[in-house]
Amino acid sequence: MKQHYQILIIGGGNAGISTAAQLLRKNKALDIGIIEPSGHHYYQPAWTLVGAGVFNAEDTIRKEKEVIPAGTTWIKDAVISFQPEQNQVSTSNGHAYTYDVLIVAPGIQLNWHLIKGLKETLGKNGVTSNYSVDCAPYTFQCLQQLKEGETALFTAPSTPVKCGGAPQKIMYLAGDYVQRKKLHAKIEFTSGGGVLFGIKKYADELMKMVNRYNIQLHFKHSLIEVNGQSKKAVYEVTAADGSKSIIEKSFDMIHVVPPQSAPDFIKNSPLADTNGWVDVNKFSLQHMRYPNIFGIGDATNTPNAKTGAAVRKQAPVVVKNVLAYLNKQPAEGGYNGYGSCPLVVGYGKLILAEFGYDNKVMETFPFDQSKPRWSMYMLKRYVLPWLYWHKILKGKM
Ligand SMILES: Cc1cc2nc3c(=O)[nH]c(=O)nc-3n(C[C@H](O)[C@H](O)[C@H](O)COP(=O)(O)OP(=O)(O)OC[C@H]3O[C@@H](n4cnc5c(N)ncnc54)[C@H](O)[C@@H]3O)c2cc1C
């Protein structure tokens, strides 16, 4: 069995595959190994639309072997630890692999277990989450089953999450759905965070949606327990003075977004920063202590929105700097923190938020993207999924 790779990539998700494909486009002769345990690859951004009943869950899934770029080696295994001084990683199957350059792209960890009772009831009793492809179709079933006067809760944790807008997108779709059905359901957003959206330009437009759908907002409410049988959600509420209290809310449906963190095997490794994320330079994406290690995607500590859109702008920077490293050249900056959040605010309506470091607005189109538009909804529904499978994963953009 081959044990050494010129370039070893951890994670065959959005970041790992697009980076591998772009590297090969630069130099076909590169010797690349990709360690990825899953037999399937997922287009996660469409899970919001699956939850709204307008996208098939099956269309978000491909076999991993179909997306692994030809000319690379797929190692179907999971990394469990790092030995960076020996340029080596160890895996759960008991193997060790060495590298000249390591690219770390294992994504974010979903900590379902931190909400008491959630695992037992997820996918039934009106408890759902678009953060699981198995449950996303159930979100739409829950919406369809909502009746006059019933309550739908939508949660967001206080931790960083992938796609910060996703906890809200499904809520606005739900608001639109019940209004079209002329139902008076009670919709509440219960968030561990303190604001609706970090950038005023977009937050102001989202507030209009909150008012349109009569959504009640509750900030600093962190979901800690769900009881599906009795349809009760338990929250820890933090008051302005920092004091904490416990409250209970009844629901007929609840859409849960789990707390998220760096993966445990990253947290417990020499690659982590003090919060557990892969510790990289936020412009060059090169590791702060190990120059032959690079990080990309949701697992790094770069202060951008954790999105596939960010990965699209990070990948060319990693590719350039990996090739520079192999040529004994210094790494250069280049990533400006770009991320995008296609905020679906109803059926056929989307606000395309685009921004970089320090919340600098970085819009692509020559119109005000904070206004809900049908054209941007079409971009998300049809154009972006096609680009993902046919261009992004092929290293063509
Ligand atoms: C509901 C939802 C909606 C979203 N909406 C949007 C959107 O509208 N726009 C947008 O741009 N982004 C969106 N995203 C976010 C986007 O999907 C992620 O930001 C993107 O997938 C990050 O890429 P990644 O490669 O870092 O992680 P992933 O794509 O999650 O891939 C990580 C890979 O690493 C593998 N891995 C994990 N552990 C190990 C290990 N120990 N060893 C080896 N491999 C490992 C995993 O199996 C996985 O294949 C959304 C996500 C969700 C869940």
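Nothing here was measured: the structure is a model prediction, and the numbers come from that model.

What counts, and at which threshold
- Residues numbered from 1 in each chain as written.
- Predicted model: local features only at pLDDT ≥ 70, side-chain atom pairs only at ≥ 80, totals over all residues.
- Domains from an automatic or database assignment.
- Contact = placed C-beta atoms within 7 Å.
- Helix = DSSP H or I, 4+ residues; strand = E, 2+ residues; numbered from the N terminus.
- Nonpolar A, V, L, I, M, F, W, Y, C, P; charged D, E, K, R; others polar.
- Near = placed C-beta within 6 Å.
- Pairing = 2+ DSSP bridges.
- Axes fitted to C-alpha atoms, helices over the stretch in contact; angles between N-to-C directions.
- Expected span 1.5 Å × (residues − 1).
- Buried ≥ 20, exposed ≤ 12 C-beta atoms within 10 Å, placed from the backbone.

Student: Help me understand the domain arrangement of the protein in this model?
Tutor: The parts lose accessible area when they come together, and the size of an interface is often stated as this lost area. According to the domain assignment, the protein contains domain 1 (4-108 + 262-337) and domain 2 (111-260). A C-alpha centroid distance of 31 Å is found between domain 1 and domain 2. Domain 1 puts 16 residues into the contact, and the matching count from domain 2 is 15 residues. Per-element accounting of the side of domain 1 that touches domain 2 gives the leading share, four residues, to helix α2 (residues 47-51). When grouped by side-chain class, the residues that make up the side of domain 1 that touches domain 2 number nine nonpolar, five polar and two charged.

Student: How should I be thinking about the site of the ligand in this particular structure?
Tutor: Around the ligand lies a shell of 37 residues, among which Gly 11, Gly 13, Ala 15, Gly 107 and Gly 297 are the nearest. At the level of elements, α1 (14-26), α2, α9 (308-326) and β20 (339-346) are the ones that each hand at least two residues to the shell around the ligand. Residue classes in the shell around the ligand are distributed as 19 nonpolar, 14 polar and four charged. Of the domains in this structure, domain 1 (4-108 + 262-337) and domain 2 (111-260) are the two that each give at least three residues to the shell around the ligand.

Student: I tried to follow the sheet that holds strand β16 (residues 244-250) on my own but got confused; where do I start?
Tutor: Strand pairing in a sheet is mediated by backbone hydrogen bonds. Such pairs are either parallel or antiparallel. The three strands lie next to each other as β14-β15-β16, forming an open sheet whose pairing is antiparallel. The open sheet has two edge strands, β14 (221-227) and β16, and neither has a second partner. Averaged over neighbouring strand pairs, the angle between their axes works out to 25° when direction is ignored. Two elements, strand β15 (residues 232-238) and β16, share seven bridges in a ladder whose sense is antiparallel. Bridge pairing links Val 234 to Glu 248 in β16.

Student: Can you walk me through α1 in this structure?
Tutor: For an α-helix, 3.6 residues make a turn, and residues three or four places apart therefore share a direction. In a regular helix each residue adds 1.5 Å, so 13 residues correspond to 18 Å; α1 covers 19 Å between its end C-alpha atoms and thus fits that length. Most of α1 is tucked away, with eleven of its 13 residues classed as buried. Among the residues of α1, Asn 14, Ala 15, Gly 16, Ile 17, Ser 18, Thr 19, Ala 20, Ala 21, Gln 22, Leu 23 and Leu 24 are the ones counted as buried.

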